[in-house]
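Structure assessment
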Amino acid sequence: MSTPLRLLMVEDNDDDAQLVLVKLRRAGYAPDYLRVDSEADMRAALRERDWQIVVSDYAMPGFSGLKALHILREHNSDIPFILVSGTVGEEIAVEAMRNGANDYIMKDNLVRLVPAIERELRESRDRADRRRAEEALFQERERALITLHSIGDGVITTDAEGRVDYMNPVAENVTGWSYSEAQGYPLTEVLPLINESTRQPVESPANISLRSGRVVNLSEQCMIVNRSGQEFHIEDSAAPIFDRDNSVIGAVLVFHDITRERRMAHQMNWQATHDTLTGLANRDEFADRLANLLAGVAGNSQREHALLYLDLDQFKVVNDTCGHAAGDELLKQLSRTLRSHVPASASLARLGGDEFGVLLENVDLAQAREAANRLLEAIGNFTFQWEDRRFDVGVSIGVVPIQRDTKSASFVLSAADVACYVAKDSGRNRVHVYEDSDIDLGERHSEMHWVSRIKEALEDNRFVLFRQAITPLQDDEVTPHYELLIRLLDKDGRIVPPGAFIPAAERYNLMNAVDRWVIDAAFSHLSVAQQQGDTGIYSLNLSGNSLNDEDLPNYIQQKISQYKIRTGQLCFEITETAAVFNLDKASHMIHSLKQLGCRFSLDDFGSGLSSFSYLKNLPVDFLKIDGSFVKDMNTNPMNRAIVEAIHQVGHALSIRTIAEFVENQDIVNLLRDIGVDFAQGYHFSKPEPLADDENVVPIHRKA
């Protein structure tokens, strides 16, 4: 089968052209040829076809082989050109070869023509293959360079000795070196790494990779101080570069500039642990440092520390008379004063509005007292100027020693607060070291804080009612039964449980006002609920203080008339303890309210003062068995016996029984076996917000 050959012949003699064609056909070629003998025809032929080879005569009328060679090289430098002539001399042949001819052949020796054409075609194919490979390699290199120039990571490559041979623009920006400057320099000079915390030099992962022949990720927090003095935090890794023989010939280092992320992380961490106004540590950070200090003390009985709790004595005067801007400026100035008088090893924090804490390490009590007196003196010498007014500021300081037997961080903070309160209570502007006998005074101090909060909640109507179902256990009882429970809604919208504020309300005679708020709010709700068909029984708690309120029955009667309440749905609860201590008044209260049609329940029965005999004088409708006996009666036979005894006495007096703290089905089954009438506890329901007057939207969604 003949091999196609696209042949352009520059020849004015057709016989000579045919002679060439005969030689090619005999050699197995099928020439697809065109013969031209002028410059114009040759240019046209080159434009129209893609030729594999050009065979040209040397001397033609008005045209020459050298001219044809010149035209071909203008058009394509790679198409083989063979000069075939009968007259060309050696001098002309040399000139032709110098100008780009591939070979020259005498017409009287055409036996060389076919081998020369085959050689040139073969070399032309080789050149084309090389060009394609080179072009592919060039394109691959260009793509790689463009990629490396475009990515956000810094890239540096080195030779086998760790000298830089490439770096992209990101690497240039971080290192402060240009590509041309860095070439040939050791990587350790161009990218000197240091540890972020210790500032000590860190070995480049590229050097480790060159040495080990493996990929290396740098685990340390690294940074670079470049040749311009700029600091960059980076994360980097390196990989070895291998040749065909699997020998390491270099390394590539890739690093990511995380300076912005690190600064943001530092800023967020600072904001989470510091007070934004004063720049001091905040309460959470101070508590963490205190806990860490306590952990160290626990393992070393010889170490002693101390906590100082500072409360400014005149801050409120500045705030109230000059405004919050003045108060903020006072706190900032005082913070600087405190910082200048606190040892560098101590932790200084703002714990609250005008409260500060100082954690003194490795000091005994005498040294701590001395430090507190220095702060007392420094603040005593401090004068605050705001516009045309001057203020002297005092401080009360509580001191708590921290030793091996110190209980916990919360105890230390609480004790310090108490000691500070004692200092204030003793005349202000003084230091007081905490003593165990301070605790009672501290509890009263804590309760007094609640007094103002309770009064504010009453004024702002920030109490809310919850209800918890009381579930029938026997088939003969179908009337819904609920207990109404009070919660306080603080200024931040959080629910405060009664255990936090009721003791203070009882101690400072605020429970009467709280009970009246409950009665008014509950009756307001019931007036709407009854109109909508509600027939449930609602239990309202009355405190021991309210038993002494002779006007309370009249108040309740007025509210019943005001809200038009069906009294059969009302049940009032008093605790057994309150009833026993106020037996006559409790009996009077119960009889008064029962005359109105209300029911009565005795709460927490069996909790410590129970004597079944007094039940004869208290005509209550329900006995609520104290939950301390109920919650484990399925595992404690004694408690089960107590529950059974209370129930039997109650039923003997025609009093229905209610078990509190019912938390599982086993207890429910036991109560049913005993015959207890009702159960109340998380097994059936948790306290839930009571609906508002529209009976649709809950007052608050969290129990």
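Below is a short write-up of the structure. Just so you know, these numbers come straight off a predicted model, no measurement behind them.

Attention now moves to the environment of Val-248. Mapped onto the elements of the fold, Val-248 is located in strand β15 (residues 248-257). Val-248 sits 248 residues away from Val-496 along the chain, and the two C-alpha atoms are 69 Å apart. Not counting residues up to four positions away in its chain, the partners in contact with Val-248 are Ala-160, Leu-210, Gly-213, Pro-240, Ile-241 and Phe-242.

Overall, the coordinates contain one cavity of 30 Å³ or more when judged by the stated rule. Of the voids in this model, the largest cavity is the one considered here, and its volume is about 90 Å³. In terms of residues, the lining of the largest cavity owes the most to one element, helix α1 (residues 14-26), which gives four residues. Here the residues of the lining of the largest cavity are counted per class, giving eight nonpolar, one polar and four charged.

Further remarks concern the sheet that holds strand β17 (residues 347-350). The five strands are arranged β17-β18-β16-β21-β22 in an open sheet whose pairing can be described as mixed. Edge strands, defined here as strands with exactly one partner in the open sheet, are β17 and β22 (431-433). Mean inter-strand twist for the sheet, computed between neighbouring axes without regard to direction, equals 20°. Across four bridges, the pairing between β17 and strand β18 (residues 355-360) is antiparallel. The residue bridging Arg-350 from the neighbouring strand is Phe-356, located in β18. Sheet contacts for helix α13 (residues 324-341): β16 (305-312), β17 and β18; angle to β17, the most-contacted strand, approximately 165°. Packing against the sheet, helix α15 (residues 409-425) makes contact with β16, β21 (395-402) and β22, and its axis sits at approximately 140° to β21.

On to the sheet that holds strand β3 (residues 53-56), then. Across the sheet, which stays open at both edges, the five strands sit in the order β2-β1-β3-β6-β7 with parallel pairing between neighbours. A strand with exactly one partner marks an edge of an open sheet, and here the two such strands are β2 (29-36) and β7 (103-106). The mean angle between the axes of side-by-side strands here comes to 25°, regardless of whether they run parallel or antiparallel. Two elements, strand β6 (residues 81-85) and β7, share four bridges in a ladder whose sense is parallel. In the strand pairing of β7, Val-84 is matched with Ile-105.

Thresholds, definitions, all that
Residues numbered from 1 in each chain as written. Predicted model: local features only at pLDDT ≥ 70, side-chain atom pairs only at ≥ 80, totals over all residues. Heavy atoms only, no water. Helix = DSSP H or I, 4+ residues; strand = E, 2+ residues; numbered from the N terminus. Contact = heavy atoms within 4.5 Å. 1 Å grid on protein atoms, 1.4 Å probe; cavity = no way out; pocket = protein on both sides within 12 Å on 5 of 7 lines; lining within 4 Å. Points joined across faces, edges and corners; volume = space filled by probe spheres on them. Nonpolar A, V, L, I, M, F, W, Y, C, P; charged D, E, K, R; others polar. Pairing = 2+ DSSP bridges. Axes fitted to C-alpha atoms, helices over the stretch in contact; angles between N-to-C directions.

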